[in-house]
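Geometric and topological summary
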Amino acid sequence: MPTLAIAPIDDADVADVVALWQACGLTRPWNDPAADIALARKESNATVLIGRDEDAIAATVLVGHDGHRGWVYYLAVDPVRRHRGYGGVMMAAAEDWLRRRGIEKLQLLVRADNSQVRGFYQALGYSEPERVIFAKWLDGRAPTP
């Protein structure tokens, strides 16, 4: 398995991480990535992990838990560094982060039409349970796709 130097995000990394997420197509107009980072860093139940290849940010993952289940968001690998196993390394780091906190189950969301990413997670041993997800914006906004 390839190695990355993995550590929590620092203040100086935020702009580069947001740029990486945008380059990977992970951001949406209704989610402010910098606000998502700030929220993840606010409490001890979430963090953003950065994987560095030498001095460059090669990959990231936002991991957190609700006390019962772990969740992963923003798994990103720099497009020029893909196909080196970094996505798997970051998922292993997220899983370890959750295990150290006593969380036994990890869940994540993938858009239904993203077959390449679905295959990635299936190769890591993740399954697609039959569930329906309901969502509501608490500020009154209309539903988003």
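Anything mentioned here points back to the structure above.
Below, the structure is looked at part by part.

What follows concerns the sheet that holds strand S3 (residues 56-65). Read from one edge of the open sheet, five strands run S1-S2-S3-S4-S5, paired in mixed fashion. Lying at the two open borders of the sheet, with one neighbouring strand each, are strand S1 (5-8) and strand S5 (106-108). Ignoring which end each strand starts from, the neighbouring axes of this sheet average 30 degrees apart. With four bridges connecting them, S1 and strand S2 (residues 46-53) associate as antiparallel partners. Each bridged residue has a counterpart across the sheet, and for Ile6 the counterpart in S2 is Gly51. Helix H3 (residues 86-99) contacts S1, S2, S3, strand S4 (70-77) and S5 of the sheet and is inclined by roughly 35 degrees relative to S3.

Even without a glycine there, the phi angle at Glu54 is positive, about 60 degrees. Take Glu54: it is sitting in the loop between S2 and S3. Glu54 sits in the exposed class, given a relative accessible area of 71%. Phi at Tyr74 is positive, roughly 55 degrees, even though this residue is not glycine. In this structure, Tyr74 sits in strand S4.

This paragraph deals with the nonpolar core. Residues Val72 and Met91 are the most contacted members of the largest nonpolar core, which totals 22 residues. For this core, the elements supplying multiple residues, two or more each, are S3, S4, H3 and S5. Of all the elements, H3 adds the most residues to this core, at eight residues. The residues touching Met91, leaving out its near neighbours within four places in the chain, are Val72, Leu75, Leu106, Leu108, Phe120, Tyr121, Leu124 and Tyr126. Core analysis: the next-biggest nonpolar cluster, separate from the first, contains 16 residues, Ile9, Leu20, Tyr74 and Ala76 among them.

It is the contact of helix H1 (residues 14-23) with helix H2 (residues 33-42), at a shortest axis distance of 9 Å, that shows an interaxial angle of 125 degrees. Accordingly, the angle class assigned to the pair H1 and H2 is oblique. Crossing handedness for the pair H1 and H2: right-handed. Taken together, the residues of H2 that come into contact with H1 (itself represented by Val14, Val17, Val18 and Trp21) are Pro33, Ala34, Ile37 and Arg41. Within the contact of H1 with H2, the residues separate by chemical class into seven nonpolar, no polar and one charged.

Turning our eyes to something else, we now look at the packing of aromatic side chains. Here the structure, examined in full by the defined rule, presents four aromatic pairs. Taken together, a centroid distance of 3.6 Å and an interplanar angle of 5 degrees make the contact between Trp21 and Tyr74 stacked. Here Tyr74 lies in strand S4 and Trp21 lies in helix H1, a separation of 53 residues in the sequence. A relative accessible area of 0% places Trp21 in the buried class. Tyr74 gets classed as buried once you look at its relative accessible area, which sits at 11%. Their ring planes at 15 degrees and their centres at 6.4 Å tell us that Trp71 and Tyr73 sit as a pair that is stacked. Residue classification places Trp71 among the partly exposed residues on the basis of a relative accessible area of 22%. These aromatic residues form a ring-pair network of at least three members: Phe120, Tyr121 and Tyr126.

Cut-offs used in this document
- Residues numbered from 1 in each chain as written.
- Predicted model: local features only at pLDDT ≥ 70, side-chain atom pairs only at ≥ 80, totals over all residues.
- Heavy atoms only, no water.
- Pairing = 2+ DSSP bridges.
- Helix = DSSP H or I, 4+ residues; strand = E, 2+ residues; numbered from the N terminus.
- Axes fitted to C-alpha atoms, helices over the stretch in contact; angles between N-to-C directions.
- Contact = heavy atoms within 4.5 Å.
- Buried < 20%, exposed > 50% of the residue type's maximum accessible area, 1.4 Å probe, protein only.
- Core = buried A, V, L, I, M, F, W, Y, C linked by side-chain atoms within 4.5 Å.
- Parallel < 35°, antiparallel > 145°, perpendicular 65-115°, else oblique.
- Left-handed = near helix turned anticlockwise from the far one by under 90°.
- Nonpolar A, V, L, I, M, F, W, Y, C, P; charged D, E, K, R; others polar.
- Phe/Tyr/Trp six-rings, centres within 6.5 Å; stacked < 30°, edge-to-face > 60°.

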